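# A look at the structure
Residue strings, one per chain:
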Amino acid sequence: MQTCSCEMQSLARLQQVSSFVRSYSAAVRQRRCPAGPAGQWAATGRRSLAAAASAGPDELVITRPDDWHLHVRDGAGLASVVPHTAATYGRAIIMPNLVPPVTSAAAASAYRDRVLAAVPSSLSHTFTPLMTCYLTDNTQPEEVHRAKEAGVVAFKLYPAGATTNSDSGVTDWRKCLPTLRAMAEAGVLLLVHGEVTDPEVDFFDREKVFIQTKLKPLLDEVPELRVVIEHITTADAAEFVAAAPANVAASITPQHILLNRNALFVGGLRPHAFCLPILKREEHRRAVAAAATSGSPKFFLGTDSAPHPKHAKESACGCAGLFSAPVALALYAHAFEEAGALQHLEAFASFNGPDFYGLPRNTDKVTLRRQPWTVPASYEFGDAEVVPMWAGQECPWTVVA
């Protein structure tokens, strides 16, 4: 079969990106990949803010971005955190791992109503929550069609026990095969938390092993399924996505671009840097940063902002998750500038996600200004407080409109 010139160009570009990610170790030594500030959020050395300020523009105007991975919880906590996202983003993929989980179209519609009720009236015309359903061993193909009719855009695959509120997750993807095929036929995406939970697997290798033993066989079985590997954290995942067919993409968080696992132990144990997937070695951070800032359409913004009350993080068995909604876009701008790739920020934040999901791009704009500010120590979270990513540290960029 003859391949059209545009397809050949697209394939060539993906091959170039794949080659770039494979050789990331040499490439990032020539680039200024971000490393975070000193203090609680430290990863490695970095340029000073003054040096960064002299290297780029003082203002960026980009198409309004979307957040393709967001946790807003429920109840009073939901009402506290939704406004932070609605102020900046046009849309957000709302994660379904509540207690009980959002497993049906009816539950997703009810959850959408609760999210919309938390959007300030001044922002209701600009923000749209995009709902997902929680995939279980017992999800039936008929539920996929009901979800599609209800406007649900994706199902989320949590391996059972992999992260917060994932006990009802999938124990074996083969049990879901008829449902996965129904999703492919209906054009409903599969979002994947890409980690195995086998206790024999080293905690820091869970993503790599998942790709090799779970995801590759799944894609071989249902090759037409559109899949997002969420919050990738390793060179293995970055390379896999870059080399995969066009129906496979990945979201990337600010923490996995900016922080390595040293951030968990700077001056003591740092519970507010604990997330799942866990932060990895510096070589993996650099690979993820290189993928995000490469300009490839296969990688896009997904904050994985995941609020927990401060007391639940600072406990004997602390919760996993970083609350980044108020600061994420400014930190992405910081990361892209440190990588010398501000020209790719708009595509990563505003174009690649909707293009992959088959949705129109937003038409309005947001403005970022080089205006340093100190991230607050905490924000309100229902009747508690939540500590944000970068708390107490200076961020060089501010979202002003």
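That block above? That's the structure.
Heads up: these notes are all about the structure in this document. Computed from a prediction, not measured in an experiment: that's the story for all the values here. Along each chain, numbering runs from 1 in the same order as the chain's sequence is written. At least 70 in pLDDT is required for a residue's local features to be given in this predicted model, at least 80 for side-chain atom pairs to be given and counted, and no such filter applies to totals for whole chains, interfaces and linings, which use all residues. The basis for the side-chain values is all heavy atoms of the structure; hydrogens and waters are excluded.

### Looking at the overall build of the protein
Labels follow the DSSP assignment, with helices taken as runs of H or I lasting at least four residues and strands as runs of E lasting at least two, numbered in each case from the N terminus. A count of helices and strands for the protein gives 14 helices and 13 strands. Only protein chains enter the accessibility calculation, which uses a 1.4 Å probe; a residue whose area is less than 20% of its type maximum is buried, one above 50% is exposed, and one in between is partly exposed. Taking all 401 residues of the protein together, 57% fall into the buried category. Here, residues are in contact when the closest pair of their heavy atoms is within 4.5 Å. Expressed as a percentage of contacts within the protein between residues at least 6 apart in sequence, the contacts between residues at least 24 apart total 75%. Counting every atom, the protein has about 15,600 Å² of accessible surface; 52% of that belongs to carbon and sulfur. To be clear on the numbers: accessible area is Shrake-Rupley with a 1.4 Å probe, and residue cover counts the displayed protein chains and nothing else.

### Re the sheet that holds strand β1 (residues 59-63)
In any sheet, the strands associate via hydrogen bonds between backbone groups, in a parallel or an antiparallel arrangement. Two strands form a pair only when DSSP identifies at least two bridges running between them. With antiparallel pairing, the 3 strands of this open sheet are ordered in space as β1-β10-β13. Each having just a single partner strand, β1 and β13 (394-399) make up the two edges of the open sheet. Sheet twist, expressed as the mean angle between neighbouring strand axes with direction ignored, is 35°. Every axis in this analysis is a line fitted to C-alpha atoms, fitted for helices over the stretch in contact. Angles between the N-to-C directions lie between 0 and 180 degrees. Contacting β10 (365-374) and β13, helix α13 (residues 328-338) crosses the sheet at an angle of about 115° to β13. Contacts between helix α14 (residues 345-357) and the sheet are confined to β1 and β10, with β1 contributing the most and set at about 25° to the helix.

### A word on the pattern of salt bridges
Salt bridge, as used here, is a side-chain nitrogen of Lys or Arg placed within 4 Å of a carboxyl oxygen of Asp or Glu. The tally for this structure, following the rule as stated, stands at 15 salt bridges. In this structure, the salt-bridge partner of E59 is R369, at a minimum N-O distance of 3.2 Å. Residue E59 is found in strand β1, and its partner R369 is found in strand β10; the two are separated by 310 residues along the sequence. Through salt bridges that share partners, D58, E337 and R370 make up one connected network.

### A look at the sheet that holds strand β8 (residues 248-252)
If you walk across this open sheet you meet the 8 strands as β2-β3-β4-β5-β6-β7-β8-β9, and the pairing is parallel. The open sheet terminates on both sides in strands that have one partner only, identified here as β2 (67-70) and β9 (299-301). Adjacent strand axes in the sheet meet at a mean angle of 30°, parallel and antiparallel pairs treated alike. Bridge analysis of strand β7 (residues 227-229) against β8 gives 3 bridges, and the strand direction is parallel.

### Points about helix α6 (residues 141-149)
Those residues of α6 that sit buried are E143, V144 and A147. Projected down its long axis, α6 shows its buried positions confined to an angular sector of 105°, all on one face. Looking at the buried side of α6, the elements it contacts are α5 (105-117), β4 (128-134), β5 (154-157) and α7 (177-186). Looking at the residues trailing α6, positive phi occurs at G151, about 90°. Directions drawn from the helix axis to the C-beta atoms are what define this arc.

### Structural notes on the side chain of T234
Turning to its location among the elements, T234 is positioned in the loop between β7 and α9 (235-243). Residues adjacent in sequence count toward polar contacts only when both atoms are side-chain atoms; beyond that, a polar contact is any pair of N or O atoms within 3.5 Å, and within protein one must be able to donate a hydrogen and the other to accept it. Reaching out from T234, the side chain makes a polar contact with the side chain of E207 at a distance of 2.5 Å. Residue contacts for T234: discarding those within four places in its chain leaves E207, K280, H284 and V288.

### Brief notes about the nonpolar core
One broad trend across soluble globular proteins is that nonpolar side chains are buried collectively. Within this scheme, the nonpolar core is defined by two criteria: the residues are buried Ala, Val, Leu, Ile, Met, Phe, Trp, Tyr or Cys, and they are joined through side-chain atoms within 4.5 Å. Counting 107 residues, the largest nonpolar core has V72, Y111, L180, L190, L225 and F299 as the members making the most contacts within it. Element by element, the count of residues in this core is highest for α13, at 8 residues. Among all residues touching L225, those that are not within four sequence positions of it are L180, M183, A184, V188, L190, L218, L219 and N247. W68, L130, A154 and F356 belong to the second largest nonpolar core, which has 15 residues in total.

### Some thoughts on α14
By definition here, a helix of n residues has an expected span of 1.5 Å times n minus one. Between the first and last C-alpha of α14 there are 18 Å, a value that for 13 residues agrees with the 18 Å anticipated at 1.5 Å per step. Bend angle per residue: angle between axes fitted to the 7 residues ending at that residue and the 7 residues starting there. Bending of α14 peaks at approximately 40° at the position of F351, with proline P354 no more than four residues after it. Burial in α14 covers these residues: L345, F348, A349, S350, F351, N352, G353, P354, F356 and Y357. In the segment just after α14, G358 is the residue with positive phi, at about 75°.

### Describing the packing of α13 against α14
Contact geometry for α13 and α14: axes closest at 9 Å, N-to-C directions at 140°. As the angle between them shows, α13 and α14 are arranged oblique. Packed against α13, whose contacting residues are L329, Y332, A333 and F336, the element α14 presents L345, F348 and A349 at the interface. By the convention adopted, Pro, Cys, Tyr, Trp, Phe, Met, Ile, Leu, Val and Ala count as nonpolar, Lys, Arg, Asp and Glu as charged, and the other residues, Gly among them, as polar. Across the contact of α13 with α14, the residue classes tally to 7 nonpolar, no polar and no charged. In this scheme, roughly parallel covers angles under 35 degrees and roughly antiparallel covers those over 145, while 65 to 115 is roughly perpendicular and the rest are oblique.

### So, the packing of aromatic side chains
Each aromatic pair joins two rings of Phe, Tyr and Trp (for Trp, the six-membered one) with centres within 6.5 Å, and gets the label stacked for planes under 30 degrees apart, edge-to-face for over 60, and tilted for any other angle. Counted according to the given criterion, the structure contains 9 aromatic pairs. With a centroid separation of 6.4 Å and 65° between ring planes, the pair formed by F300 and Y357 is classed as edge-to-face. With F300 in strand β9 and Y357 in helix α14, this pair connects stretches of sequence that are 57 residues apart. Assigned by exposure class, F300 and Y357 land together as buried. Where F356 meets Y357, the ring centres are 6.4 Å apart and the plane angle is 75°; that geometry is what we call edge-to-face. When sorted by exposure, F356 lands in the same class as Y357, which is buried. An aromatic cluster of three or more residues is present, and its members are W68, F300, F356 and Y357. Over the face of the ring belonging to F203 we find R206, whose NZ or CZ atom lies 4.3 Å from the ring centre. Definition used: whenever NZ (Lys) or CZ (Arg) falls within 6 Å of the ring centre and also within 35 degrees of the ring normal, the charge is taken to sit over that ring.

Geometric descriptors of this kind do not, in isolation, establish any biological role.
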